[in-house]
Amino acid sequence: MAMIKKEEFEIPPAPDMSAEAAAYEAGYRCVCGIDEAGRGPLAGPVVAAAVVLPMGYELPGLNDSKKLTARRREALYTQLMDDDRVLKCVAEASVQEIDELNILRATHLAMARAAQGIAAAVDFCLIDGLAVPGFPLPSRNLVKGDARCLSIAAASVLAKVTRDHYMQKLAAEFPQYGFERHAGYGTKAHLEAIRQYGVTVHHRRSFAPVAQMELPLGL
């Protein structure tokens, strides 16, 4: 199997399939892009998505989910989910796993679950961000990969929208916390809700702001 060069390349105006093409040219047969959503919030799971796109795939407007409006993300999410040519899997690591493993290891676990959950036998992964030591499949990390690599951009949309949907359902169960507005991030309103109503089973107790609010007053 040929080696894939790891040098950085300039960020294109929009994500393309250069990284996927390099992997296929190196001899790999099924290449997926992986991204996650929800590493930073104080509540809810971390969600990862893995996506295999057919070479030459086009979806106008597909880009890093952070560059898109919520409405545009939802539209792209629907198109990706409804397209049988696109192989995909979305997975998560729970709040309990985050607290037990730490957020970095839990994120890597969710990524591995997503890659291994794709119906086809993925043999190479393009992962957004820094390298993932011990990843169970051959992989290459791409810093700012969601702005460079089309399959990672697709994964970023699926992960983000899936997690947003989860937090919206959580908001119906716990309306006092405003999860539908901040998705579990540590906003002023969220911190005030925790002070007033306490910590739920969906909060990450290993995260400092949550842990501090569980301390008895006067300590």
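Criteria and thresholds
Residues numbered from 1 in each chain as written. Predicted model: local features only at pLDDT ≥ 70, side-chain atom pairs only at ≥ 80, totals over all residues. Heavy atoms only, no water. Salt bridge = Lys/Arg side-chain N within 4 Å of Asp/Glu carboxyl O. Buried < 20%, exposed > 50% of the residue type's maximum accessible area, 1.4 Å probe, protein only. Core = buried A, V, L, I, M, F, W, Y, C linked by side-chain atoms within 4.5 Å. Helix = DSSP H or I, 4+ residues; strand = E, 2+ residues; numbered from the N terminus. Contact = heavy atoms within 4.5 Å. Pairing = 2+ DSSP bridges. Axes fitted to C-alpha atoms, helices over the stretch in contact; angles between N-to-C directions. Parallel < 35°, antiparallel > 145°, perpendicular 65-115°, else oblique. Left-handed = near helix turned anticlockwise from the far one by under 90°. Nonpolar A, V, L, I, M, F, W, Y, C, P; charged D, E, K, R; others polar. Phe/Tyr/Trp six-rings, centres within 6.5 Å; stacked < 30°, edge-to-face > 60°.

A.B. asks: How should the pattern of salt bridges be read in this particular structure?
C.D. replies: When charged atoms on two side chains of opposite charge get close, those side chains can pair. According to the stated counting rule, one finds seven salt bridges in the structure shown. A salt bridge links aspartate 64 to lysine 66, with the nearest nitrogen and oxygen atoms 3.1 Å apart. Aspartate 64 gets classed as buried once you look at its relative accessible area, which sits at 5%. Here arginine 85 makes a salt bridge to aspartate 83, at a shortest N to O gap of 2.7 Å. One network of salt bridges, with partners in common, ties together Asp64, Lys66 and Asp146.

A.B. asks: Just to check I follow, could you spell out the nonpolar core for this structure?
C.D. replies: Most often, soluble globular proteins keep nonpolar side chains buried together rather than apart. Counting residues in hydrophobic clusters, the biggest one holds 39 residues, and the most contacted among them are Cys32, Ile34, Val122, Cys125, Phe135 and Phe179. Of all the elements in the fold, those that place two or more residues in this core are strand 1 (31–37), strand 2 (46–52), strand 3 (87–93), helix 4 (103–116), strand 4 (124–128), helix 5 (150–173) and helix 7 (188–197). Top contributing element to this core by residue count: helix 4, with seven residues. Contacts of isoleucine 34, omitting those with residues within four sequence positions, involve Ala49, Ala50, Met111, Ala115, Cys125, Leu126, Ile127, Asp128, Phe135, Ile152 and Ala155. Listed in part, the 22 residues of the second largest apolar core include Val47, Ala49, Tyr57 and Leu59.

A.B. asks: What am I meant to see in the pairing of strand 1 here?
C.D. replies: Side-chain positions along a regular strand alternate between the two faces of the sheet. For strand 1, a buried count of six out of seven residues is recorded, marking the element as mostly surrounded by other parts of the structure. Here strand 1 runs beside strand 4; their pairing, made up of four bridges, is parallel. Looking across to strand 4, one finds that valine 31 is bridged to phenylalanine 124. Of the strand pairs in this sheet, strand 1 and strand 2 are connected by five bridges, and their pairing is antiparallel. Considered in strand 2, the bridge of glutamate 36 is made with alanine 48.

A.B. asks: Explain the packing of helix 2 (residues 70–82) against helix 5 to me, please; I cannot follow it from the model alone.
C.D. replies: Between two packed helices, both the angle of their axes relative to each other and the distance between the axes serve to describe the pair. Viewed as axis vectors pointing N to C, helix 2 and helix 5 meet at an angle of 110°, and their least axial separation amounts to 9 Å. In terms of orientation, helix 2 and helix 5 fall into the roughly perpendicular class. Between helix 2 and helix 5 lies a crossing whose hand is left-handed. Of the residues in helix 5, those in contact with Arg73, Glu74, Leu76, Tyr77, Leu80 and Met81 of helix 2 are Ala154, Val157, Leu158, Lys160, Val161, Thr162, Asp164 and His165. Split by residue class, the contact of helix 2 with helix 5 holds eight nonpolar, two polar and four charged.

A.B. asks: Looking at this structure, I do not really get the packing of aromatic side chains. What am I missing?
C.D. replies: Describing an aromatic ring pair means giving the distance of the ring centres and the angle of the ring planes. The tally for this structure, following the rule as stated, stands at four aromatic pairs. Ring centres of tyrosine 28 and phenylalanine 124 lie 4.5 Å apart, and the angle between their planes is 35°; this geometry places the pair in the tilted category. Highlighted residues: tyrosine 28 in the loop between helix 1 (18–25) and strand 1 and phenylalanine 124 in strand 4, separated in sequence by 96 residues. For the pair tyrosine 28 and phenylalanine 124, one class covers both residues: buried. Between phenylalanine 174 and tyrosine 177, the aromatic rings sit 6.2 Å apart at their centres with planes inclined by 75°, giving edge-to-face as the arrangement. When sorted by exposure, phenylalanine 174 lands in the same class as tyrosine 177, which is buried. Among the aromatic residues, those joined into a cluster by ring pairs are Phe174, Tyr177, Phe179 and Tyr197.

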